Amino acid sequence: MREIDHFISGRKMPGTPGHYGQVFDPNMGAVQAHVPLASSRELDLAVSDAAQAQKGWAQTNPQRRARVMFEFKRLLEVHMEELAHLLSSEHGKVIADSKGDIQRGLEVIEFCCGIPHLLKGEYTQGAGPGIDVYSARQPLGVVGGITPFNFPAMIPMWMFGPAIACGNAFILKPSERDPSVPVRLAELMIEAGLPPGVLNVVHGDKDTVEAILRHPTIKAVSFVGSSDIAQSVYALGAQHGKRVQAMGGAKNHGIVLADADLDQTVADLVGAAYGSAGERCMALPVVVPVGRETAEALREKLVVAIKALRIGNSTDDRAHYGPLINAAHRSKVESYLQMGVDEGAELVLDGRGFSLAGSEQGFFLGPSLFDHVTPEMRTYREEIFGPVLQIVRAETFEQGLELASRHQYGNGVAIFTRNGDAAREFADRVEVGMVGINVPIPVPVAYHSFGGWKRSGFGDLNQYGMDGVRFYTRTKTITQRWPKGGPISDQSFVIPTMR
Ligand code: NAD
């Protein structure tokens, strides 16, 4: 059995014997590796080495730190095929999509190459007589990141890219379900010139996460995962005096107005609902056609497009999507399909029972489509995270807007229309963090920031972009006075003002 190691102080380190999790091959349904689950001793070792390494790294000037980022970006390009195959073999997403996962992380690294400019502070000359004021962004020290299974390259890079570029040392606790790519990324960072100890990968589960949140040396924690866990991570981290950002689950809606280009919309919806087997927080699992005619026409076209989907091994170039992450998750998605039927929704297409010749034990699930889903249904209120699209019919624009705005999650939303006024009003009023206008998956580019509202995000700063720089730095403001000689001023017992 392949044993996956931690990555501490620039080298691989085995975990404690006998304490491990299983990593599956989702195509074949078999266990392919063991991943260690860190004890607090292993975490302590990583954190103390990181604290040591961080001192020198923070003293390294930003331009040199940027050079490591430039080289890391180059290495990502050189190793793209290898990384994509490794990613796909543990996650199950198809190779092209695995490359997309790496590429979106790489784009954040490109943003981090500009760190000397991004870290420039503010300066006011002559704020008072002989007085200048300047503010600088300083790193926090040792920070941590906890990531979900569904983007094992992109999300770690969302976090460690800005954190390290800003001069911090980083402890990454990736998902124990597909942990190999994060270790490979850490190796490439060392090859790019990062000093050992600045980036460490410590595998683990709930216990490791809690040890990170309680660790006195770790100053900030970034978390991405499901909402209940995000909320408890946020609470526990805050209780231990940490800065925490915790992104949660999602249930993104696609609102389709009567004037939308239906063929284009259907192509967009099918890709966004079923790509990566629906295991994306920016998937589009709910479609809201406005008006009966729109609903009927959309449903007819959707059924044709969904029936044409090809499900295959993650290495099959022709497959639109591959297997789910594991059997337990597939059972969970299947239970939502049964629940939807029991709740009275119409299961137009049922993906259960799908089997791929030669991969019968793989975690595959065919695409499903529900119609006549209503807001009271549990299958609508909760995140399913699988290849399932739900049609929720609305009579008016206002109803569509309300649906997306009232939902407990507020990660992403999309509107499909040719009407600029309606689109603008929708974008302005909808209670959701990321909005697409004829864009089904509106993940912001690397120089903006990513973050959802309501139960999709706890904390007040988004991932990457300038918010990433803000999250991983603290501002120090210096007020200095250099009088031109003579006594400075009389003794004063009054708070200094600018009168
Ligand atoms: P998850 O919440 O099960 O796990 C996320 C991380 O938390 C993992 O590293 C895991 O080891 C750890 N963890 C698991 N149980 C824990 C517990 N009880 N206490 C503390 N930590 C625990 O999420 P997942 O299944 O890996 O990923 C899918 C979820 O992530 C979906 O809900 C999806 O919407 C969400 N997600 C959100 C975003 C976003 O940016 N909003 C992006 C990607 C995924």
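Basis of the calculations
Residues numbered from 1 in each chain as written. Predicted model: local features only at pLDDT ≥ 70, side-chain atom pairs only at ≥ 80, totals over all residues. Heavy atoms only, no water. Helix = DSSP H or I, 4+ residues; strand = E, 2+ residues; numbered from the N terminus. Rg over C-alpha atoms; globule rule 2.2 N^0.38 Å. Buried < 20%, exposed > 50% of the residue type's maximum accessible area, 1.4 Å probe, protein only. Domains from an automatic or database assignment. Contact = heavy atoms within 4.5 Å. Buried area = accessible area lost by both parts, 1.4 Å probe. Salt bridge = Lys/Arg side-chain N within 4 Å of Asp/Glu carboxyl O. Polar contact = N/O pair within 3.5 Å; in protein donor to acceptor, adjacent residues only side chain to side chain. Nonpolar A, V, L, I, M, F, W, Y, C, P; charged D, E, K, R; others polar. Pairing = 2+ DSSP bridges. Right-handed = clockwise from strand over helix to strand, strands pointing away.

## Looking at the overall build of the protein chain
Tallying secondary structure elements over the protein chain gives 16 helices and 23 strands in all. In terms of overall size, the protein chain behaves like a compact globule, its C-alpha atoms giving a radius of gyration of 25 Å where 499 residues would be expected to give roughly 23 Å. The principal-axis extent of the C-alpha atoms belonging to the protein chain is close to 85 × 60 × 40 Å. For the protein chain, the residues scored as buried account for 56% of the 499 residues in total.

## Observations regarding the domain arrangement of the protein chain
Annotation of the protein chain at the domain level lists domain 1 (2-248 + 456-478) and domain 2 (253-437). The interface of domain 1 with domain 2 comprises 22 residues on the first partner and 25 residues on the second. Summing both partners gives a buried area of about 1,900 Å² for domain 1 against domain 2, and 55% of it is carried by carbon and sulfur. Contact with domain 2 buries surface across domain 1, with N27, V94 and S456 losing the most and accounting together for 28% of the total. Our count for the contact surface shared by domain 1 and domain 2 stands at 1 salt bridge. Our enumeration of links across domain 1 and domain 2 arrives at 9 residue pairs in polar contact (both at pLDDT 80 or more). Contributions of two or more residues to the side of domain 1 that touches domain 2 are made by β4 (20-25), α3 (80-91) and α4 (95-112). Ranked by the residues each element gives to the side of domain 1 that touches domain 2, the list is headed by α3, at 4 residues. Here the side of domain 1 that touches domain 2 is composed, by residue class, of 7 nonpolar, 9 polar and 6 charged.

## Side note on the pairing of strand β14 (residues 286-289)
Neither face of β14 is left uncovered, since the one carrying V286 and V288 and the one carrying V287 and P289 both have all their residues buried. Pairing of strand β13 (residues 253-256) with β14, which is carried by 4 bridges, proceeds in the parallel orientation. Bridge pairing links V256 to P289 in β14. Traced from β13 through helix α10 (residues 262-274) to β14, the parallel crossover comes out right-handed.

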